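Here is what each chain is made of, one letter per residue.
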Amino acid sequence: MGTRDSGATRRRRPPKALLAGALTGAAALLLTGCAGDWPNASASNFFLPDASIGATDMTPRISQLWDGSWIAALVVGVFVWGLTIWCVVAYRRRKNDPELPAQVRYNMPIEILYTIVPVMMVGVLFYYVARDQQAILDTSKTPDLTVQVVGKKWSWDFNYLENNSQPGVYDTGRQADLSGRTGVEENLPTLYLPVNETVQFDLYSRDVIHSFWIPAFLMKMDMIPGSPNKFQVTPTKEGDFQGKCAELCGEYHSEMLFNVKVVSADEYQQHLDDLAAAGQTGSLPTTLAGAEELAGVQADSVHSNEGEN
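**Student:** Looking at this structure, how should I read the packing of helix 3 (residues 59–90) against helix 4 (residues 108–136)?
**Tutor:** Between two packed helices, both the angle of their axes relative to each other and the distance between the axes serve to describe the pair. Their axes nearest at 10 Å, the elements helix 3 and helix 4 cross at an angle of 170 degrees. With respect to helix 4, the axis of helix 3 lies roughly antiparallel. Residues Arg61, Ile62, Leu65, Ser69 and Val76 of helix 3 form the contact with helix 4, whose own contacting residues are Met121, Leu125, Tyr128, Val129, Arg131, Asp132, Ala135 and Ile136. Grouping the constituent residues of the contact of helix 3 with helix 4 by class yields nine nonpolar, one polar and three charged.

Written out as structure tokens, the structure is:
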């Protein structure tokens, strides 16, 4: 009697090395998700800046969209990785297998499944993104104050408008001096905002494309020459935050930094009074042509004073 070839009729167990590798990869993925050593971020906040918690009226909405997107992506990823590993283990080539497995043209149910499921996933994600984007970019309400933010190579100007339209006072900044010494932040331009009041940012650029970004607010928007942008937000937590340009805008892009102070209404008004007392009334130009005209007026004034002396 002939003996049965157990290798041909019975599946082998997955190689121990393969299983060990899969377990090691899964453990590394889980441990990586628990790491909390990212700068100013933690796994408990899905690696968003910790300062964003309660920073504005929109950060909870943005955080929920971010968290939900990652959870959905991880669920799909684990499912796909599981199927991939299962296929590698279950359908690996064995010693007595023919050179090629049986070839098939298609599997209609699987083809339909692979088409419908991704379309449904994209549709669900699109719905939530469109819903939240409409709320985040809504500027139909009358804001409590309006600030014109002007990007320039490589710093920022802030015009605090009176009654949301008339020139009020301004603050101007210069390029950061990243010398490596302490105290650099004190010389950065500082944007003051009152807590629990809705501010509208009117965004302008005098030269190239910049991007206005306060990481803790989880919101940034491009500043395009000749095409102003705007958005509204309500800071809900007092504190000091950092801002920067998020668009590669030239040689000193990394030094285009500013501070943000969310303060009480009284402290905000005191800052405006200090700017007025320093003679910084009116508003700075929002276009390059306006800046050149202002520079020419200032130069004529200097020459006039020199002639009188």
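**Student:** Please clarify how empty space enclosed by the protein should be interpreted in this entry.
**Tutor:** In this approach the atoms are scanned with a rolling probe the size of a water molecule, which exposes any empty space left behind. Applying the stated criterion to the full structure yields one cavity of 30 Å³ or more. Quantified by volume, the largest cavity comes out at close to 50 Å³. Along the walls of the largest cavity sit Met58, Ile62, Ile136, Phe217, Met219, Phe231, Gln232 and Val233, which together make up its complete lining. At three residues, strand 8 (residues 229–233) tops the list of elements feeding residues into the lining of the largest cavity. A per-class count over the lining of the largest cavity returns seven nonpolar, one polar and no charged.

**Student:** Is there a simple way to think about the packing of aromatic side chains in this case?
**Tutor:** The relation between two aromatic rings is expressed through the spacing of the ring centres and the mutual angle of the planes. If you walk through the whole model with that rule in mind, you get 13 aromatic pairs. On the basis of an interplanar angle of 65 degrees and a centroid distance of 5.9 Å, the ring pair of Trp66 and Trp70 is categorised as edge-to-face. With Trp66 and Trp70 both in helix 3, this residue pair falls four residues apart, about one helical turn. Judged by its relative accessible area of 35%, Trp66 falls in the partly exposed class. Seen from their ring centres, Trp156 and Phe258 are 4.9 Å apart, and the 65 degrees between their planes marks the pair as edge-to-face. Placement of Trp156 in strand 2 (residues 155–162) and of Phe258 in strand 10 (residues 257–263) is noted, with a sequence separation of 102 residues between them. We note that Trp156, like Phe258, is buried.

**Student:** Is there a simple way to think about the sheet that holds strand 1 (residues 145–152) in this case?
**Tutor:** Two pairing modes exist for strands in a sheet, parallel and antiparallel, and in both the strands are linked by backbone hydrogen bonds. Across the sheet, which stays open at both edges, the six strands sit in the order 8-5-1-2-3-11 with mixed pairing between neighbours. The strands lining the two open edges of the sheet, one partner per strand, are strand 8 and strand 11 (281–282). As defined by bridge partners, strand 3 (residues 166–172) adjoins strand 11 across two bridges and the pair is classed as antiparallel. In the sheet register, Val169 faces strand 11, and the bridge partner there is Thr281. Contacts from helix 5 (residues 265–277) reach strand 1, strand 2, strand 3 and strand 11, with the element oriented near 85 degrees to strand 3.

**Student:** Looking at this structure, I do not really get the environment of Gln280. What am I missing?
**Tutor:** Examined against the element boundaries, Gln280 turns out to sit in the loop between helix 5 and strand 11. Separated by 110 residues in sequence, Gln280 and Tyr170 have C-alpha atoms that sit 5.7 Å apart. Beyond its immediate chain neighbours, meaning those up to four positions away, Gln280 contacts Gly168, Val169, Tyr170, Asp171, Thr172 and Leu275. In terms of polar contacts, Gln280 uses its side chain to reach the backbone carbonyl oxygen of Tyr170, at 2.7 Å.

**Student:** In this structure, what is going on with the sheet that holds strand 10? I would like to understand it.
**Tutor:** Spatially, the five strands line up as an open sheet ordered 4-10-9-6-7, and their pairing is mixed. Since the sheet does not close on itself, it has two edges, and those belong to strand 4 (190–194) and strand 7 (219–223), each with one partner. Strand-to-strand twist across the sheet, computed as the mean angle between neighbouring axes with direction ignored, equals 20 degrees. Packing of helix 5 onto the sheet brings it into contact with strand 4 and strand 10, and relative to strand 4 it is tilted by some 140 degrees.

**Student:** Is there a simple way to explain the nonpolar core in this structure?
**Tutor:** In globular proteins that are soluble, nonpolar side chains generally tend to be buried together. Core analysis: the biggest nonpolar cluster contains 41 residues, and Val147, Val149, Trp156, Tyr160, Phe201, Phe212 and Phe217 have the highest contact counts within it. Top element by residues in this core is strand 10. It accounts for four residues.

Criteria and thresholds
Residues numbered from 1 in each chain as written. Predicted model: local features only at pLDDT ≥ 70, side-chain atom pairs only at ≥ 80, totals over all residues. Heavy atoms only, no water. Axes fitted to C-alpha atoms, helices over the stretch in contact; angles between N-to-C directions. Helix = DSSP H or I, 4+ residues; strand = E, 2+ residues; numbered from the N terminus. Parallel < 35°, antiparallel > 145°, perpendicular 65-115°, else oblique. Contact = heavy atoms within 4.5 Å. Nonpolar A, V, L, I, M, F, W, Y, C, P; charged D, E, K, R; others polar. 1 Å grid on protein atoms, 1.4 Å probe; cavity = no way out; pocket = protein on both sides within 12 Å on 5 of 7 lines; lining within 4 Å. Points joined across faces, edges and corners; volume = space filled by probe spheres on them. Phe/Tyr/Trp six-rings, centres within 6.5 Å; stacked < 30°, edge-to-face > 60°. Buried < 20%, exposed > 50% of the residue type's maximum accessible area, 1.4 Å probe, protein only. Pairing = 2+ DSSP bridges. Polar contact = N/O pair within 3.5 Å; in protein donor to acceptor, adjacent residues only side chain to side chain. Core = buried A, V, L, I, M, F, W, Y, C linked by side-chain atoms within 4.5 Å.

Read these as layout, nothing more, since geometry by itself doesn't imply function.
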